[in-house]
Amino acid sequence: MTIRATHDGEQVRIEYTDNGVGMEAAAAPRLFDPFFTTRLGQGGSGLGLYIARRLARAMGGDIAVDSAPGQGARFILSLPAS
């Protein structure tokens, strides 16, 4: 797992990268839907990313994801700099 923060004067970006199992491309469009989870039977409720994205957008930002099977995942949280 790697966490990196950057700031360009207008936006703050926090990037989280892991080397987990990744996800299929078909899951990406639904990843931020409420109750959608790729972790069935592992305790996930499918609400974490939904809530995180709603909060980010309420603050004028967003969350993006880049992932592929066997490649892990990279999440980027972007927020306006204050």
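Quick notes on the rules
- Residues numbered from 1 in each chain as written.
- Predicted model: local features only at pLDDT ≥ 70, side-chain atom pairs only at ≥ 80, totals over all residues.
- Heavy atoms only, no water.
- Phe/Tyr/Trp six-rings, centres within 6.5 Å; stacked < 30°, edge-to-face > 60°.
- Lys NZ or Arg CZ within 6 Å of the ring centre and 35° of its normal.
- 1 Å grid on protein atoms, 1.4 Å probe; cavity = no way out; pocket = protein on both sides within 12 Å on 5 of 7 lines; lining within 4 Å.
- Points joined across faces, edges and corners; volume = space filled by probe spheres on them.
- Helix = DSSP H or I, 4+ residues; strand = E, 2+ residues; numbered from the N terminus.
- Nonpolar A, V, L, I, M, F, W, Y, C, P; charged D, E, K, R; others polar.
- Buried < 20%, exposed > 50% of the residue type's maximum accessible area, 1.4 Å probe, protein only.

## Here's the deal with the packing of aromatic side chains
Next up, step 1: This model, assessed by the stated rule, comprises 0 aromatic pairs.
Next up, step 2: Here Arg53 stacks its cationic end above the ring of Phe32, 3.9 Å away from the centre of that ring.

## Describing the layout of surface pockets
Next up, step 1: For the largest pocket, the calculated volume is near 530 Å³.
Next up, step 2: Residue lining of the largest pocket: 21 residues in total, with Leu31, Thr38, Arg39, Leu49 and Phe75 positioned closest to the centre.
Next up, step 3: At the level of elements, α1 (48-58) and β4 (73-80) are the ones that each hand at least two residues to the lining of the largest pocket.
Next up, step 4: Across the lining of the largest pocket, the residue classes break down as 9 nonpolar, 10 polar and 2 charged.

## Focus on unusual backbone geometry
Next up, step 1: The phi angle at Phe35 is positive, at roughly 70 degrees, despite the residue not being glycine.
Next up, step 2: By the element assignment, Phe35 lies in the loop between β2 (11-18) and α1.
Next up, step 3: With a relative accessible area of 62%, Phe35 lands in the exposed category.

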